[in-house]
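Summary of structural features
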Amino acid sequence: DTGVSQNPRHKITKRGQNVTFRCDPISEHNRLYWYRQTLGQGPEFLTYFQNEAQLEKSRLLSDRFSAERPKGSFSTLEIQRTEQGDSAMYLCASSATAQTYEQYFGPGTRLTVT
Amino acid sequence: QKEVEQDPGPLSVPEGAIVSLNCTYSNSAFQYFMWYRQYSRKGPELLMYTYSSGNKEDGRFTAQVDKSSKYISLFIRDSQPSDSATYLCATLNRDDKIIFGKGTRLHILP
């Protein structure tokens, strides 16, 4: 399977715990995006990487959130001190730089904070 | 005004009918328009993208952009129960970010 993969698919955690999600993009794509999607809404942009450089962060991304893409391949998204409001689907997408309109999404990680 | 507006539905149509899904957008400078299909508890799947105005056809799906009215449409011919999903319209803003509508839930009734 050469699509975008995400792990874990589901995560249940208690408020205050830290969680980390992983995304493996399509191998030839040098742009990687993180989105958050809540029930009844479309995905909302969080941050994106061009290779290993994090180029932009949304104001939705509080200081409890951090993302990395250390070697320009896979990426991790960490949430520290989780809150119930963090419960959502976290989606990763990738694209080629010249075709940012053509983003391909992974299956998402569904986070439930209890 | 939100950048992309989409009626959340749900929209229920009988199998075999033609489905029409619509969105409006706010900024006339937007040039790329996309449609994604999302099944329950899955990630969005890119169906089609169009550039500027006009139509684009792919099998049973036709995407249409009317820049004069800032209106984008997706038509599904010969609808099947497997087409039941949430359909998200989206556009690429001037910062190269994809802006999504809320999605329209579609049910095709067998």
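Residues numbered from 1 in each chain as written. Chains lettered and ligands numbered in written order. Predicted model: local features only at pLDDT ≥ 70, side-chain atom pairs only at ≥ 80, totals over all residues. Heavy atoms only, no water.

Let us look at the overall build of chain B. Looking only at helices and strands, one finds 0 helices and 11 strands in chain B. Shown N-terminal to C-terminal, the secondary structure of chain B runs as helices and strands in the order β-β-β-β-β-β-β-β-β-β-β. Taking 2.2 N^0.38 as the reference for a compact globule, 110 residues should give roughly 13 Å; the C-alpha atoms of chain B span a radius of gyration of 13 Å, in line with that estimate. Taken along the three principal axes of its C-alpha coordinates, chain B extends 40 × 30 × 20 Å. Classification of the 110 residues of chain B by burial places 44% in the buried group. In chain B, 53% of the contacts between residues at least 6 apart in sequence involve partners at least 24 apart. Both charge centroids of chain B, one from 13 positive and one from 12 negative side chains, sit 5 Å from each other. (Helix = DSSP H or I, 4+ residues; strand = E, 2+ residues; numbered from the N terminus. Rg over C-alpha atoms; globule rule 2.2 N^0.38 Å. Buried < 20%, exposed > 50% of the residue type's maximum accessible area, 1.4 Å probe, protein only. Contact = heavy atoms within 4.5 Å. Lys, Arg positive; Asp, Glu negative; His and termini not counted. Charge placed at Lys NZ, Arg CZ, Asp CG, Glu CD.)

Moving on, we get to the side chain of B:Arg37. Residues and elements named next belong to chain B. Within the secondary structure layout, arginine 37 lies in strand E4 (residues 32-38). For arginine 37, a relative accessible area of 13% gives the class buried. Reaching out from arginine 37, the side chain makes a polar contact with the side chain of tyrosine 39 at a distance of 3.5 Å. Apart from residues no more than four positions distant in its own chain, arginine 37 is found in contact with Gly43, Pro44, Glu45, Leu47, Phe61, Asp83, Ala85, Thr86 and Tyr87. (Polar contact = N/O pair within 3.5 Å; in protein donor to acceptor, adjacent residues only side chain to side chain.)

To continue, consider unusual backbone geometry. Cis geometry marks the peptide bond from A:Asn7 to A:Pro8, where omega comes out at -10°. The residue A:Pro8 is located in the loop between strand E1 (5-7) and strand E2 (10-13) in this model. Not every positive phi belongs to a glycine, and B:Arg41 is a case in point at roughly 65°. Its location among the elements puts B:Arg41 in the loop between E4 and strand E5 (45-51). The backbone phi angle of B:Lys70 is positive, close to 55°, even though this residue is not glycine. Relative to the helices and strands, B:Lys70 resides in the loop between strand E7 (61-66) and strand E8 (71-76).

Attention shifts here to the interface of chain A and chain B. Between chain A and chain B, the residue contacts involve 22 residues of the former and 18 residues of the latter. In this assembly, chain A packs against chain B so that about 1,700 Å² is buried in total across both faces, 55% of it on carbon and sulfur atoms. Sorting the residues of chain A by area buried against chain B places A:Pro43, A:Tyr101 and A:Phe105 first, and these three jointly supply 32% of that buried surface. Inspection of the chain A/chain B interface yields 2 salt bridges. The closest approach of N and O atoms between A:Arg31 and B:Asp96, which form a salt bridge, is 3.4 Å. One can count 6 residue pairs in polar contact (both at pLDDT 80 or more) joining chain A with chain B. (Buried area = accessible area lost by both parts, 1.4 Å probe. Salt bridge = Lys/Arg side-chain N within 4 Å of Asp/Glu carboxyl O.)

Another aspect to go through is the nonpolar core. Membership of the largest hydrophobic core comes to 23 residues, with the highest contact counts inside it found for B:Trp35, B:Ile72, B:Leu74, B:Ile76 and B:Tyr87. Looking at this core, the elements with two or more residues in it are strand E3 (19-25), E4, E5, E7, E8, strand E9 (85-92) and strand E11 (104-109) of chain B. The element that contributes the greatest number of residues to this core is E3(B), accounting for 4 residues. Once residues lying within four places of it in the same chain are set aside, the contact partners of B:Ile72 are B:Leu21, B:Asn22, B:Cys23, B:Tyr25, B:Phe33, B:Trp35, B:Gln64, B:Val65 and B:Cys89. A:Val4, A:Cys23, A:Leu32 and A:Ala67 belong to the second-largest nonpolar core, a separate cluster that totals 19 residues. (Core = buried A, V, L, I, M, F, W, Y, C linked by side-chain atoms within 4.5 Å.)

Okay, the sheet that holds strand E1 (residues 4-6) of chain B next. Residues and elements named next belong to chain B. If you walk across this open sheet you meet the 5 strands as E1-E3-E8-E7-E6, and the pairing is antiparallel. Where the open sheet ends on each side, the last strands, each with one partner, are E1 and strand E6 (54-58). Strand-to-strand twist in this sheet, taken as the mean axis angle between neighbours without regard to direction, amounts to 20°. Here E7 runs beside E8; their pairing, made up of 6 bridges, is antiparallel. Paired with valine 65 across the bridge in E8 is isoleucine 72. (Pairing = 2+ DSSP bridges. Axes fitted to C-alpha atoms, helices over the stretch in contact; angles between N-to-C directions.)

This part is about the packing of aromatic side chains. One pass over the structure, following the stated rule, counts 16 aromatic pairs over all chains. Pairwise contacts between aromatic rings join A:Tyr33, A:Tyr35, A:Phe45, A:Tyr48, A:Phe105, B:Tyr36 and B:Phe100 into one cluster. Sitting above the plane of the B:Tyr49 ring, B:Lys56 keeps its charged end 4.0 Å from the centroid. (Phe/Tyr/Trp six-rings, centres within 6.5 Å; stacked < 30°, edge-to-face > 60°. Lys NZ or Arg CZ within 6 Å of the ring centre and 35° of its normal.)

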